[in-house]
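Observations on the three-dimensional arrangement
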Amino acid sequence: MSSPAISGGTSLFTGFTRLCKGLAVVLGGGHIILQILPSSVDYLALIPARTIPFAWNLITAGYVEQSVHQVIISAIGLLFIGKLLEPIWGSREFLKFIFVVNFLTSLCVFVTAISLYYITMQENYLYMPISGFHGVLSGFLVGIKQIIPDQELSLLKIKAKWLPSLSVLLSVVVSFFTEEPAKYLPTLIFGTYMSWIYLRYLQKNPETKHRGDPSDEFAFSTFFPEFLRPVIDPIASIFHRMLCGRTATSDEARGYTLGGAPLPGSHPVEASRRRERGARALEERLAADMLATGGKEEESKKDAVENV
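A quick note: this is a predicted structure, and the numbers were derived from the prediction, not measured.

How each quantity is defined
The residue count restarts for each chain, going from 1 along the sequence in the order it is written. The predicted origin of the model limits local features to residues at a pLDDT of at least 70 and limits the giving and counting of side-chain atom pairs to 80 or more, whereas totals for whole chains, interfaces and linings rest on all residues. Hydrogen atoms and water are omitted, and side-chain values are computed over all heavy atoms in the structure. For this analysis, a nonpolar core means a set of buried residues of the types Ala, Val, Leu, Ile, Met, Phe, Trp, Tyr and Cys, connected via side-chain atoms within 4.5 Å. Classification of residues uses two cut-offs on accessible area relative to the type maximum, computed with a 1.4 Å probe and protein chains only: under 20% is buried, over 50% is exposed, and between them is partly exposed. A helix here means a DSSP run of H or I that spans at least four residues, while a strand means a run of E at least two residues long, and both kinds are numbered starting from the N terminus. Only heavy atoms matter for contacts: two residues are in contact if any of them lie within 4.5 Å across the pair. What a helix is expected to span follows from its residue count: subtract one and scale by 1.5 Å. Here the bend at each residue means the angle between axes fitted to two seven-residue stretches, the one ending at that residue and the one beginning there. Method remark: on a 1 Å grid restricted to protein atoms, a set of points is classed as a cavity if a 1.4 Å probe fits but cannot get out and as a pocket if it is open with protein on both sides within 12 Å along at least five of seven lines; lining residues have an atom within 4 Å of a point. Grid points are joined across faces, edges and corners, and a volume is the space filled by probe spheres set on the points. The nonpolar class holds Ala, Val, Leu, Ile, Met, Phe, Trp, Tyr, Cys and Pro. Asp, Glu, Lys and Arg form the charged class, and all remaining residues, Gly among them, are polar. By convention in these notes, a salt bridge is any Lys or Arg side-chain nitrogen within 4 Å of a carboxyl oxygen on Asp or Glu. The predictor attaches a confidence to each residue, called pLDDT, with possible values from 0 through 100. Planes of paired rings set the category: under 30 degrees apart is stacked, over 60 is edge-to-face and the rest tilted, where pairs are Phe, Tyr or Trp rings (Trp by its six-membered ring) whose centres lie within 6.5 Å. The criterion is that NZ of a Lys, or CZ of an Arg, lies within 6 Å of the ring centre and within 35 degrees of the ring normal, and then a charge sits over that ring.

1. Comments concerning the nonpolar core
One finds Leu78, Ile98, Phe133, Phe140 and Ile144 to be the most contacted residues of the largest nonpolar core, which totals 39 residues. Elements represented by at least two residues in this core include exactly helix 1 (18-36), helix 4 (68-89), helix 5 (91-120), helix 7 (134-147) and helix 9 (185-202). Those residues in contact with Phe140 that sit more than four places away from it in its chain are Leu78, Ile81, Leu85, Phe94, Phe97, Ile98 and Phe133. Counting 11 residues, the second largest nonpolar core, distinct from the first, contains Phe110, Leu126, Met128 and Ala182.

2. Notes on helix 4
Between its first and last C-alpha, helix 4 extends 30 Å over 22 residues, near the 32 Å set by a 1.5 Å rise per residue. Along its length, helix 4 shows its largest kink, about 45°, at Gly82.

3. Looking at empty space enclosed by the protein
Under the criterion given, the structure shown has 2 cavities of 30 Å³ or more. As a volume, the largest cavity reaches approximately 90 Å³. Surrounding the largest cavity, 13 residues form its lining, Ala61, Gly62, Ser106, Gly132 and Thr187 being those nearest its centre. Of all the elements in the fold, those that place two or more residues in the lining of the largest cavity are helix 5 and helix 7. Grouping the constituent residues of the lining of the largest cavity by class yields 5 nonpolar, 8 polar and no charged. Within this model, the second largest cavity holds a volume of roughly 50 Å³. Around the second largest cavity, the lining residues are Val109, Thr112, Ala113, Leu116, Tyr125, Met128, Ile130, Ala182 and Pro186. Among the elements that make up the lining of the second largest cavity, the one with the highest residue count is helix 5 (4 residues). By residue class, the composition of the lining of the second largest cavity is 8 nonpolar, 1 polar and no charged.

4. Some details on the pattern of salt bridges
As enumerated under the stated definition, the model contains 3 salt bridges in all. Between Lys183 and Glu180 there is a salt bridge, and its shortest N-O distance comes to 3.2 Å. For Lys183, a relative accessible area of 29% puts it in the partly exposed group. The class for Glu180 is partly exposed, based on a relative accessible area of 38%. In this structure, Arg229 and Glu226 form a salt bridge, with 3.2 Å as the shortest nitrogen-oxygen distance.

5. A closer look at the confidence of the model for the chain
With 73% of its residues at a pLDDT of 70 or more, the chain shows a mean pLDDT of 81. Ignoring residues within four places in sequence, the model shows residues 1-10, a span with pLDDT below 50, making 16 contacts including any to other chains. Note on residues 246-266: pLDDT is under 50 here. Beyond four places in sequence and across chains, it has 15 contacts.

6. Topic: unusual backbone geometry
The general pattern is negative phi for most residues beyond glycine and trans for most peptide bonds. Here Ile52 and Pro53 are connected by a cis peptide whose omega angle stands at 15°. Here Pro53 is to be found in the loop between helix 2 (41-44) and helix 3 (57-60). With a phi close to 60°, Met121 is a non-glycine residue in the positive phi region. Along the chain, the position of Met121 falls in the loop between helix 5 and helix 6 (124-127).

7. Some points on the packing of aromatic side chains
By the definition in use, this model includes 17 aromatic pairs. Summarising the aromatic geometry, the rings of Phe97 and Phe140 are spaced 6.0 Å apart at their centres and angled 20° between planes, so their arrangement reads as stacked. Of the two residues, Phe97 is situated in helix 5 and Phe140 in helix 7; the sequence distance between them amounts to 43 residues. Phe140 shares its class with Phe97; the two are buried. Ring centres of Phe133 and Phe140 lie 6.3 Å apart, and the angle between their planes is 70°; on these two criteria the pair is classed as edge-to-face. Among the residues examined, Phe140 registers a relative accessible area of 0% and is labelled buried. A cation over an aromatic ring shows up here: Lys145 above the ring of Phe223, its NZ or CZ 4.7 Å from the ring centre.

What follows is the structure, given as structure tokens:
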């Protein structure tokens, strides 16, 4: 007799990329190191008072989880979101995104902690160990917003473009009911913002050799409700000119625009193509999952007949 096959939904837990599995192992390994050597948190986590001279904690802090439930949440988020983003961006760009967002987030958190100390003169801002992958996870949500903004999530009944905003809003609300929100809230907020900065202005497209995604659908004001955008847009435009004023000028000098209209292959067109590829990749992933599930159900039926 042959053993019956496991049916139903197992394809949901397959298709994880090798890179994401490796990073999940790194997160688990970092937590194990903290359990075996508790004193290592002083060298691996971000402790603002010790960042100089231990500057490497600006990098290592993002890959060290201090509790089991944080490891589980981070690993699950990495595996499931990674299998959507990595095939679209490519493994090299996916890893680069994680490294850059993690470093910039840690740098901003360090500056914020020092500023809070000088404002409040409370030393706990200098010596609290800050670590975790949640900054990069919040950045992944921005990547989903960019690629499949109008995809509706069946469980939450909301569009994917609102995931980063809801994540930050929920974190702010929860911070009023938890102790020491400074350990995680700045990381979540800066993780969201730094990932948008990277995708908006820095990410290089190998096809067009251009950087960023200047489409209106990915503007900073799209993170906010419609009625707030007239207030947000003028403020955001100031930072936009600061960050990419020179880039925009040089693009026009090279002939990427003509009479204010973008030429074929320019940024807005590529942004639209990127979203189309994201939606197509998601559809192919769902179709493959459904096909795999159907195949397992068919195999289960055959095994049942054989058993009879």
